[in-house]
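Spelled out from the first residue to the last, the chains are:
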2 protein chains.
Amino acid sequence: MGGTQMNRLYIVGIGPGKRSGMTMEADEALRRADVIVGYSKYVELVRPYYPDKRFHDTGMTRERERCAEALRLAREGETVALVCSGDSVVYGMAGLIYELAGEAPGVELQVIPGVTAALSGGAILGAPLGHDFAVISLSDLLTPWETIEKRLRCAAAGDLCMSLYNPGSHRRTDYLQRACDILLETLPPETVCGMAREIGRAGENWQVTTLGRLRDTPVDMFTTVYIGNSMTRVISGKMVTPRGYRLD
Amino acid sequence: MGGTQMNRLYIVGIGPGKRSGMTMEADEALRRADVIVGYSKYVELVRPYYPDKRFHDTGMTRERERCAEALRLAREGETVALVCSGDSVVYGMAGLIYELAGEAPGVELQVIPGVTAALSGGAILGAPLGHDFAVISLSDLLTPWETIEKRLRCAAAGDLCMSLYNPGSHRRTDYLQRACDILLETLPPETVCGMAREIGRAGENWQVTTLGRLRDTPVDMFTTVYIGNSMTRVISGKMVTPRGYRLD
């Protein structure tokens, strides 16, 4: 196949996991696709809703192979949807696809955004990111830890709310503790913080806490962490950062 | 009405504007609502799709009145959806609703997230927020300009990508220029930048540029601006921040 036909690769953010958290255009792209490609965990989330599709799933850290496979299939004439958890750009595959796409002329790329964990977890916790914020991943798989430390220090110095992705894993058991210790150089231990886990999936849960207590809370790779700014408060048990409207 | 019934107020992020950019759960909340409340511009975006609903629209800077009205209607026994552009938390109404909700016991709040402009505009531009990033509003209506300056300096010092909301308006014609001058203290003028305008609406357009040129580009309140980090590149005309996967 291939040739003069303009083939299409959708890079699709599927949101937090439940089908209703997906946008209508994400659903439309998956319905148009011949083949759905993705990390096996995300492929399993969508598979029940698109029973007539072909699926190619790959293991967790095989991002380059997954993207190359999606491009190869599109180049061969398939309409392909590459699924990403949350958004397709934020820690997603869109950037890598652009980097690799030179290898696949004639494939039209369409990036479809999705609700990233900072937002889907935020909605469960209350309104933690109601003002300026930073999103920082604690994974040092692709980023030097020194860069992560610098970004945490800068975000704290700027009084930015934060959403921390990948706060821990089997291997990285003390990363959130190390991050909290850096933030505690600048921020008071009573800073309002929160955690959301398994957002939009079975076992979803959330917790509002303080920076001092967050330091000693175990987390895993399914947890998203929120650090409040100096205005963040607990209201009716929820984590709320006011935008600053006058209430009087 | 009122009394023992548990009434519901949905605070709904409707995404960038086109219906397909809305999540399925946002659509479901609007279909369940008796009344849809919001800023007139956003109410007009959804009105054609929910013809059997009642609508309450309010002017732009009347956020407190809008939220109080939504809570009043819910307390009276209506199922209410309060619509926010993009996400319901990020510069949205969820925080203000929590602040005011003490006035309306018996109203169950449900925050429904949406695709905020940083993500919907990012998908048009390529993959600008492919790594750690900050979202900062340049509006000083509710935030002192000194705080905005500090946050810009800190985000630049942290080599964070940025998405800047509210970069200009009729009144604030030089705010993006002032922001760029602050960023240029730290970042080189050739830093890759981008703009997305009227995302998901008629007249949608985008542009990739540099920080030096961005400084002298006119923008309005329908524009979202992107500042790259030290790794951001232009690939096939798109703005791409690699996550750092090895390509060899």
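What you see is a predicted model, and the numbers here were worked out from it, not measured in a lab. (Residues numbered from 1 in each chain as written. Chains lettered and ligands numbered in written order. Predicted model: local features only at pLDDT ≥ 70, side-chain atom pairs only at ≥ 80, totals over all residues. Heavy atoms only, no water.)

Residues and elements named next belong to chain A. Examined against the element boundaries, arginine 215 turns out to sit in the loop between helix H8 (211–214) and strand S11 (223–227). Among the residues examined, arginine 215 registers a relative accessible area of 26% and is labelled partly exposed. Linking arginine 215 and aspartate 181, residues 34 residues apart in sequence, is a C-alpha distance of 7.3 Å. Contacts of arginine 215, omitting those with residues within four sequence positions, involve Gln177, Cys180, Asp181 and Leu184. (Helix = DSSP H or I, 4+ residues; strand = E, 2+ residues; numbered from the N terminus. Buried < 20%, exposed > 50% of the residue type's maximum accessible area, 1.4 Å probe, protein only. Contact = heavy atoms within 4.5 Å.)

Now for the relation of the copies chain A and chain B. Note on the identical chains: chain A maps onto chain B by a rotation of 180 degrees and an axial translation of 0.0 Å, with an RMSD of 0.0 Å. Both copies of the chain, as the preceding transformation shows, are related through a two-fold rotation axis. Taken as a fraction of all interface residues of chain A, those also at the interface in chain B reach 100%, which identifies the copy contact as same-surface. (Least-squares fit on C-alpha atoms with pLDDT ≥ 70 in both.)

With that out of the way, let us pick up the packing of aromatic side chains. All names here are of chain A. On inspection of all chains with the given rule, the structure shows 6 aromatic pairs over all chains. When the centroid spacing of 5.1 Å and the interplanar angle of 90 degrees are considered together, the rings of tyrosine 39 and tyrosine 42 count as edge-to-face. Note on accessibility: tyrosine 39 and tyrosine 42 belong to one class, buried. Lying over the aromatic face of tryptophan 145, arginine 178 brings its terminal NZ or CZ to 4.4 Å of the ring centre. (Phe/Tyr/Trp six-rings, centres within 6.5 Å; stacked < 30°, edge-to-face > 60°. Lys NZ or Arg CZ within 6 Å of the ring centre and 35° of its normal.)

If you trace the backbone, Glu63(A) turns up in helix H3 (residues 63–75). The buried charged residue Glu63(A) lacks any salt bridge partner; its closest oppositely charged side chain belongs to Arg66(A), at an N-O distance of 4.7 Å. When sequence neighbours within four positions are dropped, the list of residues in contact with Glu63(A) reads Met93(A), Leu96(A) and Tyr245(B). (Lys, Arg positive; Asp, Glu negative; His and termini not counted. Salt bridge = Lys/Arg side-chain N within 4 Å of Asp/Glu carboxyl O.)

The next subject is the pattern of salt bridges. Here the structure, examined in full by the defined rule, presents 44 salt bridges over all chains. Between Glu25(A) and Lys18(B) there is a salt bridge, and its shortest N-O distance comes to 3.0 Å. Placement of the pair is Glu25(A) in helix H1 (residues 24–32) and Lys18(B) in the loop between strand S1 (7–13) and helix H1 (24–32), with the two residues belonging to separate chains. A salt bridge links Glu149(A) to Arg153(A); the nearest nitrogen and oxygen atoms lie 3.3 Å apart. Placement of the pair is Glu149(A) and Arg153(A) together in helix H6 (residues 145–157), with a separation of 4 residues, close to one helical turn.

Each partner contributes residues to the interface: chain A has 63 residues there, and chain B has 63 residues. At the boundary of chain A with chain B, total buried surface from both sides reaches about 5,900 Å², with 63% on carbon and sulfur atoms. Among the residues of chain A in contact with chain B, Met24(A), Arg151(A) and Tyr245(A) are the three that bury the most area, contributing 13% of the side total. Connecting chain A to chain B are 8 salt bridges. On inspection of chain A and its partner chain B, the count reaches 26 residue pairs in polar contact (both at pLDDT 80 or more). For the side of chain A that touches chain B, the element with the most residues is helix H4 (residues 94–100) of chain A, which contributes 6 residues. (Buried area = accessible area lost by both parts, 1.4 Å probe. Polar contact = N/O pair within 3.5 Å; in protein donor to acceptor, adjacent residues only side chain to side chain.)

Moving on: the confidence of the model for chain A. In the predicted model, chain A carries a mean pLDDT of 93, and the fraction of residues at 70 or more is 96%. The ipTM, which scores confidence in the relative placement of chains, is 0.96 for this predicted complex, and the corresponding pTM is 0.96. (pLDDT = per-residue confidence, 0-100.)

Residues and elements named next belong to chain B. Spatially, 5 strands are ordered S3-S2-S4-S1-S5 in an open sheet, and the strand pairing comes out parallel. Of all the strands in the sheet, the pair left with one neighbour each is strand S3 (54–58) and strand S5 (107–112). Looking at each pair of strands side by side, their axes are set apart by 20 degrees on average, direction ignored. Of the strand pairs in this sheet, strand S2 (residues 35–39) and strand S4 (residues 80–84) are connected by 3 bridges, and their pairing is parallel. Bridged to isoleucine 36 within S4 is alanine 81. Along the sheet, H1 makes contact with S1, S2, S4 and S5, crossing S1 at roughly 140 degrees. (Pairing = 2+ DSSP bridges. Axes fitted to C-alpha atoms, helices over the stretch in contact; angles between N-to-C directions.)

Our next topic: the nonpolar core. Core analysis: the biggest nonpolar cluster contains 92 residues, and Leu9(A), Ile11(A), Leu9(B) and Ile11(B) have the highest contact counts within it. For Ile11(A), the residues in contact, after removing those within four places along its chain, are Leu82(A), Cys84(A), Ser88(A), Met93(A), Ala94(A), Ile97(A), Leu109(A), Gln110(A), Val111(A) and Ile112(A). (Core = buried A, V, L, I, M, F, W, Y, C linked by side-chain atoms within 4.5 Å.)

Glancing now at the environment of Lys53(B). All names here are of chain B. The topology assignment puts lysine 53 in the loop between helix H2 (40–46) and S3. According to the relative accessible area criterion, lysine 53 is buried, its value standing at 13%. Residues lysine 53 and aspartate 34, spaced 19 residues apart in sequence, show a C-alpha to C-alpha distance of 5.9 Å. Among the polar contacts made by the side chain of lysine 53, one reaches the main-chain carbonyl oxygen of arginine 31 at a distance of 2.5 Å.

Two elements in contact, H6(A) and helix H6 (residues 145–157) of chain B, have axes whose closest approach is 8 Å; the angle formed by their N-to-C orientations is 175 degrees. Classed by the angle they form, the pair H6(A) and H6(B) counts as roughly antiparallel. From H6(A), Lys150(A), Cys154(A) and Ala157(A) reach across to H6(B), where they touch Lys150(B), Cys154(B) and Ala157(B). Partitioned by chemical class, the residues of the contact of H6(A) with H6(B) number 4 nonpolar, no polar and 2 charged. (Parallel < 35°, antiparallel > 145°, perpendicular 65-115°, else oblique. Nonpolar A, V, L, I, M, F, W, Y, C, P; charged D, E, K, R; others polar.)

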